[in-house]
Amino acid sequence: MFRLFKSQRLRKSSDFEKFRSKDTRNVYAEIFVLKSFKRVAVGVSFHDLTPRIGIITSRKIGNAVTRNRVRRVVREAFRLNLKCFKQSHDYLFIALLGIGTKSNKEITNAVLNAAKLL
RNA sequence: UGAUUUUGUAAGAAUGUGUUCGUUCAUGUGAAAUAUCAUGGAAGGAAAGUCCGGACUCCCCAUGGCAGGAUUCCGCGUGAAAACGCGGGCAUGGAACCCAUAUGUCCCAUGACGGAACAGUGCAACAGAAAGAUACCGCCAUUUGGUAAGGGUGAAAUGGUGAGGUAAGAGCUCACCGGCGAGUUAGUAAUAAUGUCGCGCAGGGCAAACCCAAUUCGGUGCAAGACGAAAUAGGGAGUUGGGUAGCCAGCCCAAUAACUCCGGGUUCGUCGCACCUCGAAAGAGGAAUUUUGCAAAACUUUGCAAAAUUAGAUAAAUGAACACAUCAUCAUUCGAUGACACAGAAUCCGGCUUACUACAAAAUCAUCCC
RNA sequence: GGAGAGAUGACAGAGUGGCCUAUUGUGCAGCACUGGAAAUGCUGUGUGCUAGCAAUGGCACCGAGGGUUCGAAUCCCUCUCUCUCCG
């Protein structure tokens with residue numbers, strides 16, 4: 001049960017726009033911001049109830065190699081620790097400037113600690 | 001021995017093996033692959049910068065002129081073109097040798113290296129009398145003037161030395177040196193040489209200033225462009241021919257219309273697009289790259305055969321964890337950290353430029369030893 | 001992904017190859033004016049190296065590095081960064 005489907009990622013601009021309009025619960029860490037809100041469920045199947053995540057890595061945090069690494073590490077943390085994230089919630093991960101110097105384990109632990117606070 | 005620079009090489013291939021969990025594409029099975037299925041593929045030399053050139057796309061054709069852009073020593077070769085390679089010439093800089101104030105020989109590096117009489121315009125601050133044509137001091141004459149030998153300025157000042165000559169001077173005249181043009185010689189040419197002829201030599205610099213000459217370029221860039229679905233309002237204002245490349249011609253369409261702007265709706269998908277062609281498909285044929293073998297030529301090329309390979313995402317895949325081995329750093333007992341530089345395909349291909357690792361060679365510099 | 005524009009003092013914005021570290025406005029600091037402020041007027045206003053006891057000077061810097069030129073903020077090339085546009 002560790003697969004990551006396309007339905008578990010935010011893939012449309014409208015999904016990201018909702019984070020601006022709605023009231024979100026936020027966690028501000030040193031190297032990233034994590035936002036979440038409970039979305040309106042359409043159905044009752046697995047793909048309608050699963051938590052979803054979107055990752056934003058702007059050009060300011062580093063070059064393309066750094067940005068790819070951060071995306072992969074955060075996605076692995078989400079995939080392997082799905083229990084830490086609430087059902088039918090959308091999550092938005094925004095990477096900040098200092099994240100390029102952190103190791104993979106540091107980023108993973110920081111993401112899981114933040115998810116528990118939400 | 002070290003540093004720097006240049007050139008070349010590396011398919012610059014996760015450090016290697018194994019286990020577990022995943023991502024994406026193709027094919028198969030299947031009613032359905034977003035059912036937790038099977039098999040196979042999946043990041044570079046620069047994927048980067050977007051500086052050039054193409055393929056391809058649409059603009060009715062892409063035809064002529066103007067405007068505008070690009071290129072620029074000569075020869076040969078490769079290439080579709082940009083560009084690259086080899087050789088030569090010229091200029092600048094450096095080292096060595098020779099000679100002594102010059103010049104020459106040879107080697108290395110760099111060069112956007114056409115044209116400044118035979119087209120024309122422009123620029124040159126400050127200083128200086130004067131910067132393209134001049135007389136401040138000085139010299140001579142003394143009525144008007146003549147004079148660039150001496151002075152000082154500047155990045156740049158009318159070729160240099162000597163003699164004659166003169167009122168004083170001056171290529172004004174002569175000798176030697178230098179220069180320019182023609183001829184001759186050598187060379188395919190750029191260009192070079194010159195006991196030949198001519199010119200006293202009134203014109204130097206900047207074309208990465210305008211420009212001229214020769215060659216060359218239509219615009220547009222895959223967010224090009226084609227199709228489907230959904231949504232919406234036959235809305236409002238303006239222009240009068242419109243379309244087509246900045247303008248003109250030419251060409252095409254139209255007067256029942258066309259175009260521009262404002263406002264409103266949508267914010268999805270498929271193709272283009274993954275080596276090419278043919279085919280409904282199975283498959284067939286061909287291309288490129290790599291490896292291996294054989295043969296020829298002669299030292300890295302050609303031919304033949306066999307095998308393997310050919311990335312295709314779209315909030316954007318190519319990854320993560322653990323164990324063992326190896327290597328590096330720290331600690332020097334246990335052990336800890338890491339897998340190392342630059343860096344991530346976005347329609348495709350060929351160059352250029354920039355970033356950077358290892359190895360090899362050459363040059364220069366420094367240090368040590370003999 | 002593609003196309004285009006730009007970078008000058010703390011900020012904004014000018015600037016024919018030479019007189020240009022460079023003008024103007026805003027801001028900031030000081031002084032004058034006022035009982036006190038505002039407005040107004042005057043003066044000053046960056047960084048680095050360097051000479052000098054000091055006052056006061058000299059040199060370099062117009063995003064960075066090269067080139068052309070006697071001379072570059074300006075012309076040319078290569079990088080860095082910022083911004084705009086597209087279906």
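Here goes a summary of the coordinates provided.

Calculation notes
Residues numbered from 1 in each chain as written. Chains lettered and ligands numbered in written order. Predicted model: local features only at pLDDT ≥ 70, side-chain atom pairs only at ≥ 80, totals over all residues. Heavy atoms only, no water. Helix = DSSP H or I, 4+ residues; strand = E, 2+ residues; numbered from the N terminus. Rg over C-alpha atoms; globule rule 2.2 N^0.38 Å. Buried < 20%, exposed > 50% of the residue type's maximum accessible area, 1.4 Å probe, protein only. Contact = heavy atoms within 4.5 Å. Areas by Shrake-Rupley, 256 points an atom, 1.4 Å probe, with all protein chains shown as cover. Lys, Arg positive; Asp, Glu negative; His and termini not counted. Charge placed at Lys NZ, Arg CZ, Asp CG, Glu CD. Core = buried A, V, L, I, M, F, W, Y, C linked by side-chain atoms within 4.5 Å. Pairing = 2+ DSSP bridges. Axes fitted to C-alpha atoms, helices over the stretch in contact; angles between N-to-C directions. Near = heavy atom within 4 Å. Polar contact = N/O pair within 3.5 Å; in protein donor to acceptor, adjacent residues only side chain to side chain. Nonpolar A, V, L, I, M, F, W, Y, C, P; charged D, E, K, R; others polar.

### Section: the overall build of chain A
Across its full length, chain A carries 4 helices and 4 strands. The helix and strand sequence of chain A, counted from the amino end, reads α-β-β-α-β-α-β-α. On C-alpha atoms alone, chain A measures out to a radius of gyration of 14 Å, which is about the 13 Å that the 2.2 N^0.38 rule sets for 118 residues. Considered along the principal axes of its C-alpha atoms, chain A spans approximately 40 × 35 × 25 Å. Taken across its 118 residues, chain A has 35% of its residues classed as buried. Here the analysis covers contacts within chain A between residues at least 6 apart in sequence; of these, 76% occur between residues at least 24 apart. Put simply, chain A shows about 7500 Å² of open surface, and 53% of that area lies on carbon and sulfur atoms. Of note, chain A has its 26 positive side-chain charges centred 4 Å away from the centre of its 8 negative side-chain charges.

### Points about the nonpolar core
With 22 residues, the main nonpolar core has Phe 32, Leu 34, Val 74, Phe 93, Ile 99, Ile 107 and Val 111 as its most contacted residues. Secondary-structure elements contributing two or more residues to this core are strand S2 (32-38), strand S3 (52-56), helix H3 (64-80), strand S4 (89-95) and helix H4 (104-117). Broken down by element, this core gets its largest block of residues, 5 residues, from H3. Residue contacts for Ile 107: discarding those within four places in its chain leaves Ile 31, Arg 69, Val 73, Val 74, Ile 99 and Lys 102.

### Brief notes about the sheet that holds S4
In space, the 4 strands of this open sheet follow the order S1-S2-S4-S3, with mixed pairing throughout. Pairing within the sheet leaves two strands with one partner each, and these edge strands are strand S1 (25-28) and S3. Between one strand axis and the next, the sheet turns by 15° as a mean value, whatever way the strands run. Seen against the sheet, H4 touches S1, S2 and S4 and runs at an angle of roughly 35° to S2.

### Focus on the protein's contact with RNA strand B
In the vicinity of RNA strand B there are 23 residues, among which Arg 3, Leu 10, His 47, Asn 68 and Arg 72 approach most closely. Counting only atoms of RNA strand B within 4 Å of the protein, the sugar-phosphate share comes to 63%. One of the backbone nitrogen or oxygen atoms of Ala 64 is found 3.3 Å away from a phosphate oxygen of RNA strand B. Measuring from a base nitrogen of RNA strand B, one finds a side-chain N or O atom of Asn 68 at 3.1 Å. Elements with a contribution of two residues or more to the surface near RNA strand B: helix H1 (13-21), H3 and H4. In terms of residue count, the dominant contributor to the surface near RNA strand B is H3 (8 residues). When its residues are assigned to classes, the surface near RNA strand B shows 7 nonpolar, 6 polar and 10 charged.

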